[in-house]
Amino acid sequence: MQTEAETPVVGPRDVDGAGVELDAVGKSYGAVRALRGVTLRAAPGEIVALAGPSGCGKSTLLELVCGLTAADEGHVRAGAAALMPQRDALLPWLSALDNAGLALRVAGASRAQARATAHAHFAAFGLDGFERARPATLSGGMRQRVAFLRTLLAGRPVLCLDEPFGALDALTRLQMQRWLAGALAREPRTVLLVTHDVEEAVLLADRVVLLSPRPGRVVATLDVAVARPRARDDRAVVELRERALVALGAS
Amino acid sequence: MTAVLALLTLLAGWEALVRLGGVDPLLLPSPMQVLEALWEDRALLAPDLWTTTYEVVLGLGAAAATGAGLAVAMHLSPALRGALRPLVIGSQAVPVPVIAPLVILVLGFGLAPKILLVALVCFFPITINLYDGLRAADPEARRLLRSLQATRWQALRLVEAPAALPAAFTGLKVAAAVAVIGAVFAEWAGAEAGLGHALLTANGQLETARAFAATLLLFLLAIALYGACALLERRVVDWIPRTGTGGP
């Protein structure tokens, strides 16, 4: 499993653009408190995973960072962020190429410009030959790659990935985790990765923030000082995964 | 296949009923007599078919444009939604045979009142289906567009309008099927040509077979219009995998 050819990246990466800072943030929807007193930071170029049980306000946290909703309490400061929503949210009537270039179209690029820019990345994303394919004809892994490319092409320093691999089967999921690690090594960004999979968090992130059930608050933060590429059976990875599960009260 | 069989059975029963003297052919001509009348009066009926087709297609087009405009306006503006919804729904309570003579009185005997009455019958299913379709766009896709700071217009153009197309076509197909009703009532209220006019004249002359022939043409016109809309739908909404053949 460690034979994957990926650029090993250790330590903080040098990226232009802002990080993310949340200070004692609270958010309620009516009577439901989604988040309470959440404080976390992501330095520029850092990958921070947010892990926790379903309904711990992880998605709400990303909405705050992306500016889709405002906090009731505390402060949110973040660089311009691009969201990769749960389920890929690809538009079924657009080709893979047009879906990948959607953010460019919204930013005012012509259809031809958006296609040209998106196409330049297709080979690297393993999408060569599928430019004209509609999402319905793509595999789950390919759909996620198109959605990730769309997120990347938004050209924002911060990426908010909301359970990017939640809908994939176990095998594809593993392949996509390795692929994402490689893609982020090539195109470093500040990443907030929401997941309910603690192992995924440890494999991909520089830091793992563990959240409690609703109302979500930070119960522990783990630094993942493990050299990349990482494997599921690395001793350090297994140990961190266990620590995270203990912190979440699962074992 | 079963549709053809059912139709043939129905026609055979009808033919037998008339031939065996169950009803007066002056009241109910047999299918063969209707076909005969259709062939013999073809020179008479062909221009009528053309006139009605013309009215229906233009009326349907006007309904599609009006329906799309109303649906988008109601979708974008809560104020317009509140103001227009009762009018749109209420318009369907207006009995077309009653309002048709008034429309003719105001707009004259030309094409305009026909288009207006066809559109009155047709715009409702288009408006309502499109309006519902616009609201039914994937919330995740909307969230995505919001995160990209898309304008309201971009969200409509890139996400909501394409997402609403299947529903819009459902409305258009319903409208296509009922459009001839509007044209017939308009022609009854005042016209020199058209299948509705032919129907009225034939009735007056006790040419029952010709009246049935005109009705048959209306029937076929509705099916052809529906088929054309279904065909257009297949070409435009080409991302939805379909099972079976569908259509009439």
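Residues numbered from 1 in each chain as written. Chains lettered and ligands numbered in written order. Predicted model: local features only at pLDDT ≥ 70, side-chain atom pairs only at ≥ 80, totals over all residues. Heavy atoms only, no water.

J.: Would you mind showing me how to read the sheet that holds strand 5 (residues 81-84) of chain A here?
T.: Strand pairing within a sheet occurs via backbone hydrogen bonds; the two strands may be parallel or antiparallel. All names here are of chain A. If you trace the 6 strands from one edge of the open sheet to the other, you get 5-6-7-3-8-9, paired in mixed fashion. The open sheet has two edge strands with one neighbour each: strand 5 and strand 9 (218-223). Each adjacent strand pair in this sheet contributes to an overall mean axis angle of 15°, direction not counted. Sheet topology places strand 3 (residues 47-51) next to strand 7 (residues 190-195); 5 bridges connect them, and they run parallel. Bridge pairing links isoleucine 47 to valine 191 in strand 7. (Pairing = 2+ DSSP bridges. Helix = DSSP H or I, 4+ residues; strand = E, 2+ residues; numbered from the N terminus. Axes fitted to C-alpha atoms, helices over the stretch in contact; angles between N-to-C directions.)

J.: Would you mind showing me how to read the pairing of strand 2 (residues 32-42) of chain A here?
T.: In regular strands, side chains alternate between the two faces of the sheet. In this structure, strand 1 (residues 20-29) of chain A lies alongside strand 2 of chain A, joined through 7 bridges in antiparallel fashion. Bridging from a neighbouring strand, valine 25 of chain A pairs with valine 38 of chain A of strand 2 of chain A.

J.: What should I look at first to understand the pattern of salt bridges in this one?
T.: Side-chain pairs of opposite charge can arise where the charged atoms are in close proximity. All names here are of chain A. Per the stated rule, a full pass over the model turns up 29 salt bridges over all chains. With its nearest N and O atoms 3.8 Å apart, the salt bridge here joins aspartate 23 to arginine 41. Of the two residues, aspartate 23 sits in strand 1 while arginine 41 sits in strand 2, which places them 18 residues apart along the sequence. The network of salt bridges with common partners includes Glu21, Asp23, Arg41 and Arg77. (Salt bridge = Lys/Arg side-chain N within 4 Å of Asp/Glu carboxyl O.)

J.: Please clarify how the side chain of threonine 208 of chain B should be interpreted in this entry.
T.: Residues and elements named next belong to chain B. Structurally, threonine 208 is set in helix 10 (residues 208-236). Taking relative accessible area as the criterion, threonine 208 reaches 13% and is therefore assigned buried. Filtering out sequence-adjacent residues up to four positions away, threonine 208 remains in contact with Pro25, Leu26, Leu27 and Pro29. (Buried < 20%, exposed > 50% of the residue type's maximum accessible area, 1.4 Å probe, protein only. Contact = heavy atoms within 4.5 Å.)

J.: Honestly, the sheet that holds strand 1 of chain A in this entry has me stumped. Any pointers?
T.: All names here are of chain A. Ordered in space as 2-1-4, the 3 strands form an open sheet in which the pairing is antiparallel. Either end of the sheet is taken by a strand with one partner, and the two such strands are strand 2 and strand 4 (73-78). The average angle at which neighbouring strand axes cross in this sheet is 25°, direction not considered. Here strand 1 pairs with strand 4 via 5 bridges, running antiparallel. Each residue of the ladder has a partner; that of valine 20, found in strand 4, is alanine 78.

J.: I tried to follow helix 8 (residues 152-189) of chain B on my own but got confused; where do I start?
T.: Within an α-helix, residues lying three or four positions from one another point in the same direction, as the helix has 3.6 residues per turn. If you check helix 8 of chain B, its first and last C-alpha atoms are just 44 Å apart, much less than what 38 residues at 1.5 Å a residue would give, namely 56 Å. Most pronounced at leucine 165 of chain B, the bend in helix 8 of chain B amounts to some 45°, and the proline proline 166 of chain B follows within four residues. (Expected span 1.5 Å × (residues − 1). Bend = angle between axes of the 7 residues up to and from the residue.)

J.: Please explain the domain arrangement of chain A as it appears in this structure.
T.: By a frequent convention, interface size equals the accessible area lost on bringing the separate parts together. Residue and element names in this part refer to chain A. Domain boundaries in chain A define domain 1 (1-82 + 159-167 + 189-251) and domain 2 (94-155). For domain 1 versus domain 2, the separation of C-alpha centres amounts to 26 Å. On the domain 2 side, the residues contacting the 6 residues of domain 1 number 6 residues. Carbon and sulfur atoms make up 71% of the area that domain 1 and domain 2 hide from each other, which totals about 470 Å². (Domains from an automatic or database assignment. Buried area = accessible area lost by both parts, 1.4 Å probe.)

J.: Would you take a moment to explain a nonpolar patch on the surface for this structure?
T.: Residues and elements named next belong to chain B. The grouping of Leu102, Leu105, Val106, Leu107 and Leu116 at the surface amounts to a nonpolar patch, some 540 Å² of accessible area in total. Looking at the nonpolar patch, the element that brings in the most residues is helix 5 (residues 96-107), giving 4 residues. By the element assignment, leucine 116 lies in helix 6 (residues 111-135). (Patch = residues over 30% accessible without salt bridge, like charges linked within 9 Å, V, L, I, M, F, W, Y side chains within 5 Å. Areas by Shrake-Rupley, 256 points an atom, 1.4 Å probe, with all protein chains shown as cover.)

J.: I'm lost on empty space enclosed by the protein in this one. Help?
T.: A water-sized probe rolled over the atoms picks out the places where empty space is left. Going through the model one piece at a time under the given rule, you end up with 2 cavities of 30 Å³ or more. Every residue along the wall of the second largest cavity is listed here: Ala82, Leu83, Arg150 and Thr151 of chain A together with Leu144, Ser147 and Leu148 of chain B. The set of elements that each furnish at least two residues to the lining of the second largest cavity consists of strand 5 and helix 5 (140-153) of chain A together with helix 7 (139-147) of chain B. Of the residues that constitute the lining of the second largest cavity, the class distribution is 4 nonpolar, 2 polar and 1 charged. (1 Å grid on protein atoms, 1.4 Å probe; cavity = no way out; pocket = protein on both sides within 12 Å on 5 of 7 lines; lining within 4 Å. Points joined across faces, edges and corners; volume = space filled by probe spheres on them. Nonpolar A, V, L, I, M, F, W, Y, C, P; charged D, E, K, R; others polar.)

J.: Could you clarify how one ought to interpret the interface of chain B and chain A in this entry?
T.: With 19 residues of chain B in contact, the opposing surface of chain A contributes 21 residues. Taking both sides of the interface into account, the surface hidden between chain B and chain A amounts to around 1900 Å²; carbon and sulfur atoms contribute 59%. Taken together, the connections running from chain B to chain A amount to 3 salt bridges. At the boundary of chain B with chain A, the tally comes to 8 residue pairs in polar contact (both at pLDDT 80 or more). When contributions to the side of chain B that touches chain A are tallied by element, the ones reaching two or more residues are helix 7 and helix 8 of chain B. It is helix 7 of chain B that provides the largest number of residues to the side of chain B that touches chain A, a total of 7 residues. Here the residues of the side of chain B that touches chain A sort into 10 nonpolar, 3 polar and 6 charged. (Polar contact = N/O pair within 3.5 Å; in protein donor to acceptor, adjacent residues only side chain to side chain.)

J.: What's the story with the nonpolar core in this structure? I'm lost.
T.: Taken as a class, soluble globular proteins show a tendency for nonpolar side chains to be buried jointly. Within the largest apolar cluster, 111 residues are counted, with the highest numbers of intra-cluster contacts made by Phe148, Leu159, Leu161, Leu180 and Val208 of chain A together with Leu60 of chain B. Broken down by element, the residue count for this core peaks at 13 residues, all from helix 8 of chain B. Counting contributing residues per domain, this core is built from domain 1 (1-82 + 159-167 + 189-251) and domain 2 (94-155) of chain A, each supplying no fewer than three. Core analysis: the next-biggest nonpolar cluster, separate from the first, contains 24 residues, Leu22, Ala42, Val65 and Val209 of chain A among them. (Core = buried A, V, L, I, M, F, W, Y, C linked by side-chain atoms within 4.5 Å.)

J.: Quick question: what am I supposed to make of the state of the cysteines here?
T.: Working definition: the covalent bond between the sulfur atoms of two cysteines is a disulfide. Residue and element names in this part refer to chain A. One pass over the structure, following the stated rule, counts 0 disulfides over all chains. The thiol of cysteine 66 is not disulfide-bonded; the next cysteine sulfur, from cysteine 160, is found 3.6 Å away. Residue class for cysteine 160 comes out buried when judged on its relative accessible area of 0%. (Disulfide = S-S within 2.5 Å.)

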